[in-house]
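Topology and contacts: notes
So you can see what is in the structure, the chains are spelled out below.
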Amino acid sequence: MPRVGVVSGAVAAGLVAAGAAATAQATAQHSRVVAAVQRRLEDTTYQRLGDLGTIDTLSVLPLVDRGVQRPGLRGEPGVSYLVRAGSEVLLFDTGLNLFGRSHSALVDNAEALGVDLAQIPAVVLSHRHDDHVGGVRARRAGSFAFSGDPVEPPGLLAYAPMPLTHRSAEVRVTTRATVLAPGIALLPPLPAALFWDGTPVLEQALVVNVRGVGLVLVSGCGHPGATAMLNLAQAVLDIPLHGVIGGLHLPVRPWPRHLPQALTGSPRPPWRPLSDPDIDLAVARLRAAGVSLVAVSGHDSTPYTMSRFAAAFGAGFREVQVGDEIRVEGR
Ligand SMILES: [Fe+2]
């Protein structure tokens, strides 16, 4: 027994040393990435979009998110929203599908909600993380997927802030503000430094201008943060902000369900996690922008964060839930 104890102690010491070395390396690399992101943000002048135009009605139907509106729909910690803006239709992100199944949450929920994925003409990928491109296999292949099977319709257009390949879709890499159709645009991709990532992640958000109401911003994970995303929207477009729908990446008090998002998707080291001041900052920036609709994704924000937003925005707050359509009518 003493021999086993000695060996176990040596293994434990080795693991601690390896963990400490990996953390030190990540800390040093993170400092470099944070500095690079800061320089890039300071050095970038965003081109203003001219007249974006408007649409009459915006509908965002969550097909994938953590929360569900009713039994029979599947929740998972990923994002996929069906966006109908005037006569335009697109899918925003393609969910997580953790085990690469044919029956992904996206496929099953679309069927349950009467959405025909074969009719989707375009998809926007917010960023290259498993929970937004349809799983680890798709991400590792540098691609995206609706399902474990090749069900993406022929002729599909895909807009991504990073190079992707796909066996049938035409991929367009977005590097600047891009008008998709009158009233609908992609904001320039924003870089974000995450602690365990060696390189900045690029994330893009969608904006829709609803007539007489203003801009609605649709976010995937929201890694750049509410402040940076709203600053960018106001730098690119001279249109009042009405709403924000989607991820704001605020896994505050994450134990146990949101621990993965708090650790792997955090802009901070584990010993300095996102906390109340980060929620305060996001709330203050949203208020300063005059936003009156705040629909927050539960895939990367905790029930505690939701309660804080509910208290701050009252009737203007809602939690994004699969099947719970969010409509914004023009005036
Ligand atoms: Fe995410």
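Residues numbered from 1 in each chain as written. Predicted model: local features only at pLDDT ≥ 70, side-chain atom pairs only at ≥ 80, totals over all residues.

**Concerning unusual backbone geometry**
That bond from W255 to P256 is cis: its omega, -5°, falls within 30 degrees of zero. For P256, the location among the structural elements is in the loop between strand 13 (241-246) and helix 6 (259-264). A positive phi angle is found at D93, which is not glycine, with a value near 70°. Note that D93 resides in the loop between strand 3 (88-92) and helix 2 (105-112). Of note in this structure, R253 is not a glycine but carries a positive phi near 60°. Turning to its location among the elements, R253 is positioned in the loop between strand 13 and helix 6. (Helix = DSSP H or I, 4+ residues; strand = E, 2+ residues; numbered from the N terminus.)

**Digging into the sheet that holds strand 7 (residues 178-181)**
Backbone-to-backbone hydrogen bonds join strands into a sheet, with any given pair of strands oriented parallel or antiparallel. Read from one edge to the other, the open sheet built from seven strands follows the order 7-8-11-12-13-14-15, with strand pairing classed as mixed. Every interior strand has two partners, whereas the edge strands, strand 7 and strand 15 (317-320), have only one. The sheet shows a mean angle of 25° between the axes of neighbouring strands, taken without regard to direction. Relative to strand 11 (residues 206-210), strand 8 (residues 184-186) is paired through three bridges, and the arrangement is antiparallel. (Pairing = 2+ DSSP bridges. Axes fitted to C-alpha atoms, helices over the stretch in contact; angles between N-to-C directions.)

**Observations concerning the environment of A85**
Among the secondary structure elements, A85 is positioned in strand 2 (residues 80-85). Of the residues examined, A85 has 26 C-beta atoms within 10 Å and is grouped as buried. When the C-alpha atoms of A85 and L58 are compared, they prove to be 4.6 Å apart, with 27 residues separating the residues in sequence. If near-sequence neighbours (up to four positions away) are discounted, A85 is found in contact with I55, L58, G183, I184 and V208. (Buried ≥ 20, exposed ≤ 12 C-beta atoms within 10 Å, placed from the backbone. Contact = placed C-beta atoms within 7 Å.)

**Quick look at the pairing of strand 11**
Within strand 11, five of the five residues are buried, leaving the element largely enclosed by the surrounding structure. Where burial is concerned, the two faces of strand 11 agree: the one with L206, V208 and V210 and the one with V207 and N209 are both buried. When strand 11 meets strand 12 (residues 214-219), the two strands line up antiparallel, connected through five bridges. Following the sheet pairing, N209 is matched in strand 12 by L215. Connecting the antiparallel pair strand 11 and strand 12 is a turn made up of three residues, with G212 showing a positive phi of about 75°.

**Structural notes on the nonpolar core**
V207, V216, L217, V218 and A233 are the most contacted members of the largest nonpolar core, which totals 89 residues. The element contributing the most residues to this core is helix 5 (residues 226-236), with six residues. (Core = buried A, V, L, I, M, F, W, Y, C linked by C-beta atoms within 7 Å.)

**Quick word on the sheet that holds strand 4 (residues 122-124)**
The strand order across the open sheet formed by seven strands is 6-5-4-3-2-1-16, and the pairing between neighbours is mixed. The sheet is open, and its two borders are formed by strand 6 (170-173) and strand 16 (326-329), each paired with just one other strand. Each neighbouring strand pair of the sheet contributes to a mean axis angle of 20°, computed without reference to strand direction. In this structure, strand 1 (residues 57-64) lies alongside strand 16, joined through four bridges in antiparallel fashion. By the bridge assignment, S59 is partnered in strand 16 with R327. Of the strands in this sheet, strand 1 and strand 2 touch helix 2, which is tilted by about 125° from strand 1.

**What about helix 2?**
Inspection of helix 2 places A105, L106, V107, N109 and A110 among the buried residues, and these make up the whole buried set. Tucked inside the fold, the buried residues of helix 2 contact strand 1 and strand 2. A positive phi of about 75° marks G114, the residue just after helix 2.

**Remarks on the confidence of the model for the protein**
Summing up the model confidence of the protein, the mean pLDDT is 95 and the portion of residues at 70 or higher is 98%. Mean pLDDT values over the elements of the protein span from 84, in helix 1 (residues 2-43), up to 99, in strand 2. (pLDDT = per-residue confidence, 0-100.)

**Thoughts on helix 7 (residues 276-288)**
For helix 7, built from 13 residues, the straight-helix expectation of 18 Å at 1.5 Å per residue is met to within 8% by its first-to-last C-alpha distance of 18 Å. Of the positions making up helix 7, those classed as buried are D278, I279, A282 and L286. The buried residues of helix 7 occupy an angular sector of 100° when the element is viewed end-on, so they sit on one face. Opposite the buried face of helix 7, at more than 90 degrees from it, the exposed residues are P277, D280 and A288. Where the residues of helix 7 are buried, they touch helix 5, strand 13, strand 14 (293-297) and helix 8 (303-313). (Expected span 1.5 Å × (residues − 1). Arc of directions from axis to C-beta.)

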